[in-house]
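Results of the structural survey
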Amino acid sequence: MTIFKEIVDEEFLTVSETKELLADIEAERAMDEDRELRYELARAIEHANRFAVLEPAEAQALVDDLQDLEKVDEPTAYKIANLLPRDRDELRSVYAKQRYSLSGDELDEILNVVAQYA
C-alpha cells in the first residue's frame, strides 16, 4: 500500500511573490504565541528574503516581457526572473536541459530584457 498525495493545482511564482506570501504566513504565526516556525518554514523565509531582488509587480512584469520572446516559455521565464542572469554563461545554464541551444543574438535579446529590470 502506498500513500501519495494528489497534485490538485500548480502555479509558478517568482521569489518576490513567494517572499510576500511567506511574510503573511510569518505574521500570522507571530500573532499566536504558542506556534513556532518550523525549521523548513524559517529557512524558506530566510531564502526568500535573501534572494528576492525585485518587487512582486516588477518580477511579474519581467516574466510577462520574457514570455513575449519566441524562445522563452512560462517555466523558463520564471527561472530567468528568479535568477536574473547577467551574462550569456549564466543564461545558458538555464537552457542546459533544453533540446535546443540559443544563438548569441537570442541570448542577448533575453539579457537586454533582464537588464531593464535588474
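Quick note: structure is the one above.
Here's a quick rundown of the structure. Predicted model only: the values in this text are computed from it and were never measured.

1. Here's the deal with the pattern of salt bridges
One pass over the structure, following the stated rule, counts five salt bridges. The closest approach of N and O atoms between Glu46 and Arg50, which form a salt bridge, is 3.2 Å. One end of the pair is Glu46 and the other is Arg50, both in helix H2 (residues 39-51) and four residues apart, which spans about a single turn. When its relative accessible area of 35% is taken as the criterion, Glu46 is described as partly exposed. Residue classification places Arg50 among the exposed residues on the basis of a relative accessible area of 56%. The residue Arg92 makes a salt bridge to Asp89 at a minimum N-O spacing of 3.4 Å. You can see Arg92 and its partner Asp89 sitting in helix H5 (residues 88-94), three residues apart, about one turn around the helix. With a relative accessible area of 40%, Arg92 lands in the partly exposed category. One salt-bridge network, held together by shared partners, links Arg43, Glu46 and Arg50.

2. Observations concerning the packing of helix H3 (residues 56-67) against helix H4 (residues 74-83)
Running from N to C, H3 and H4 cross one another at 135°; their axes reach a closest spacing of 9 Å. Here H3 is positioned oblique relative to H4, judged by the angle of their axes. Considering how the two elements wind past one another, H3 and H4 form a crossing that is right-handed. Contacts from Ala59, Gln60, Leu62, Val63, Leu66 and Gln67 in H3 reach Glu74, Ala77, Tyr78, Ile80 and Ala81 in H4. Residue composition of the contact of H3 with H4, grouped by class: eight nonpolar, two polar and one charged.

3. A word on the side chain of Glu17
Looking at the element boundaries, Glu17 is found in helix H1 (residues 15-31). As a buried residue without a salt bridge, Glu17 has its nearest oppositely charged side chain in Lys19, at a separation of 13 Å. Those residues in contact with Glu17, other than ones at most four positions away along the chain, are Phe12, Pro56, Gln60 and Tyr78.

4. Description of the environment of Gln116
Tracing the backbone shows Gln116 in helix H6 (residues 104-117). With 54 residues separating them along the chain, Gln116 and Leu62 place their C-alpha atoms 8.6 Å apart.

5. Some points on the nonpolar core
With 21 residues, the main nonpolar core has Leu62, Leu66, Ile80, Tyr95 and Ile110 as its most contacted residues. Those elements that provide at least two residues to this core are H3, H4, H5 and H6. Take this core: its biggest share by element is five residues, from H6. Apart from residues lying up to four places away in sequence, Ile80 is in contact with Leu66, Pro85, Leu91, Val94, Tyr95, Ile110 and Val114.

Cut-offs applied
- Residues numbered from 1 in each chain as written.
- Predicted model: local features only at pLDDT ≥ 70, side-chain atom pairs only at ≥ 80, totals over all residues.
- Heavy atoms only, no water.
- Salt bridge = Lys/Arg side-chain N within 4 Å of Asp/Glu carboxyl O.
- Helix = DSSP H or I, 4+ residues; strand = E, 2+ residues; numbered from the N terminus.
- Buried < 20%, exposed > 50% of the residue type's maximum accessible area, 1.4 Å probe, protein only.
- Axes fitted to C-alpha atoms, helices over the stretch in contact; angles between N-to-C directions.
- Parallel < 35°, antiparallel > 145°, perpendicular 65-115°, else oblique.
- Left-handed = near helix turned anticlockwise from the far one by under 90°.
- Contact = heavy atoms within 4.5 Å.
- Nonpolar A, V, L, I, M, F, W, Y, C, P; charged D, E, K, R; others polar.
- Lys, Arg positive; Asp, Glu negative; His and termini not counted.
- Core = buried A, V, L, I, M, F, W, Y, C linked by side-chain atoms within 4.5 Å.

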